[in-house]
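# Descriptive analysis of the structure
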Amino acid sequence: EEDTTLADDAFSARVYQEIANTIRPKSITMEVDFPSNNPDGKLPILDMKVWVENSQVLFLFYQKPMASRALVSPRSAITTRETKNILLEEGSRRLRACSPGLPWATKAAVLTNFSIQMMDSGHKEGFRDMVISRVVAKYLNSLERHNRGLQPLYRTRDEREAAWSEAGGRPDKSDWFWKSGA
């Protein structure tokens, strides 16, 4: 009778938890989370929130409340070029953690939050604008290449290794001094 009042995902999670707790009952107690347990109906998993809509699994970048909001500082010993590259990859990672079919307003909110974090870390407006515009351009280029069937948006390790092999091998820093003519 108690089970009939639970949401379907809550009931399933409880069953899985009961089964998992029988594996090592004296040393491991499992915890569960499920979409209806969260106010927005989305399940946080690592750096994404996941949900099902119209029989399709969708996902969105998510940053846990306890995660540090600090990014690479412009005052660090890291060069401006490397700082730019680090932030470009971080912004790209955040966009890749969003379903391609989500509206741009949703993705823009992710990038706005990223820009605010860059501002809080001490980056000037022009630098932030440049990083965000390059993140968007890189993402749109990747999305177009994916839609044309040239390169998958999400590649496996094997696919990345194959791409490196085609390009002449994996990037390697062990011989950097030979390339400069030393």
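To be clear, the structure that these remarks concern was listed above.
Residues numbered from 1 in each chain as written. Predicted model: local features only at pLDDT ≥ 70, side-chain atom pairs only at ≥ 80, totals over all residues. Heavy atoms only, no water.

## Comments concerning the pattern of salt bridges
A complete count under the given rule lists seven salt bridges for this structure. The salt bridge involving glutamate 18 is made with arginine 14; its shortest N-O contact spans 3.6 Å. One end of the pair, glutamate 18, and the other, arginine 14, are both in helix α1 (residues 8-20), four residues apart, so they sit about a helical turn from each other. We classify glutamate 18 as partly exposed; its relative accessible area is 46%. Given the relative accessible area of 26%, arginine 14 is considered partly exposed. (Salt bridge = Lys/Arg side-chain N within 4 Å of Asp/Glu carboxyl O. Helix = DSSP H or I, 4+ residues; strand = E, 2+ residues; numbered from the N terminus. Buried < 20%, exposed > 50% of the residue type's maximum accessible area, 1.4 Å probe, protein only.)

## Things to note about helix α4 (residues 125-147)
Taking 1.5 Å of rise per residue, 23 residues should cover 33 Å, and α4 covers 33 Å from first to last C-alpha, within 8% of that figure. Taken as a whole, α4 has its buried residues at Phe127, Arg128, Val131, Ile132, Val135, Tyr139 and Leu143. The secondary structure elements touched by the buried residues of α4 are α2 (80-96) and α3 (104-120). Once α4 ends, the next one or two residues include glycine 149, with phi positive near 80 degrees. (Expected span 1.5 Å × (residues − 1). Contact = heavy atoms within 4.5 Å.)

## A short note on the pairing of strand β3 (residues 56-61)
As judged from the six bridges shared by strand β2 (residues 48-53) and β3, these two strands associate in the antiparallel manner. The residue of β3 that forms the bridge with valine 52 is valine 57. Hairpin connection, β2 to β3: the antiparallel pair is bridged by two residues, and asparagine 54 has positive phi, about 55 degrees. (Pairing = 2+ DSSP bridges.)

## Section: the pairing of β2
Note: strand β1 (residues 43-45) against β2, three bridges, orientation antiparallel. By the bridge assignment for β2, proline 44 is matched with lysine 49. Linking two consecutive strands that pair antiparallel, namely β1 and β2, is a turn of two residues; a positive phi of about 50 degrees is found at leucine 46 within it.

## Comments concerning the packing of aromatic side chains
For any two aromatic rings, the description comes down to two numbers: the centre-to-centre distance and the angle of the planes. Scanning the model with the defined rule gives two aromatic pairs in all. A centroid spacing of 6.1 Å and a plane angle of 65 degrees characterise the contact between phenylalanine 59 and tyrosine 154, whose relative ring orientation is edge-to-face. Of this pair, phenylalanine 59 sits in strand β3 while tyrosine 154 is found in the loop between α4 and α5 (157-166), placing the two residues 95 residues apart along the sequence. Overall, tyrosine 154 belongs to the partly exposed group, its relative accessible area being 39%. Above the ring of tryptophan 104, the side-chain terminus of lysine 107 is found at 5.2 Å from the ring centroid. (Phe/Tyr/Trp six-rings, centres within 6.5 Å; stacked < 30°, edge-to-face > 60°. Lys NZ or Arg CZ within 6 Å of the ring centre and 35° of its normal.)

## With respect to unusual backbone geometry
With the exception of glycine, most residues fall at negative phi, and the peptide bonds are largely trans. The phi dihedral of asparagine 54 is positive, around 55 degrees, even though this residue is not glycine. With respect to the helices, strands and loops of the structure, asparagine 54 is situated in the loop between β2 and β3. Of the residues examined, asparagine 54 reaches a relative accessible area of 73% and is grouped as exposed. For serine 55, which is not glycine, the phi torsion reads 60 degrees and is therefore positive. Checked against the element boundaries, serine 55 lands in the loop between β2 and β3.

## Topic: the packing of α2 against α4
The relative placement of two packed helices comes down to the angle between their axes together with the axis-to-axis distance. Running from amino to carboxyl end, α2 crosses α4 at an angle of 50 degrees, the nearest separation of the two axes being 9 Å. With respect to α4, the element α2 is oriented oblique. Considering the relative orientation of α2 and α4, their crossing is right-handed. Taking contact as the criterion, the partners of Thr80, Thr83, Lys84, Leu87, Leu88, Glu89, Gly91, Ser92, Leu95 and Arg96 in α2 are, on α4, Phe127, Met130, Val131, Arg134, Val135, Lys138 and Tyr139. In the contact of α2 with α4, the residues fall into eight nonpolar, four polar and five charged. (Axes fitted to C-alpha atoms, helices over the stretch in contact; angles between N-to-C directions. Parallel < 35°, antiparallel > 145°, perpendicular 65-115°, else oblique. Left-handed = near helix turned anticlockwise from the far one by under 90°. Nonpolar A, V, L, I, M, F, W, Y, C, P; charged D, E, K, R; others polar.)

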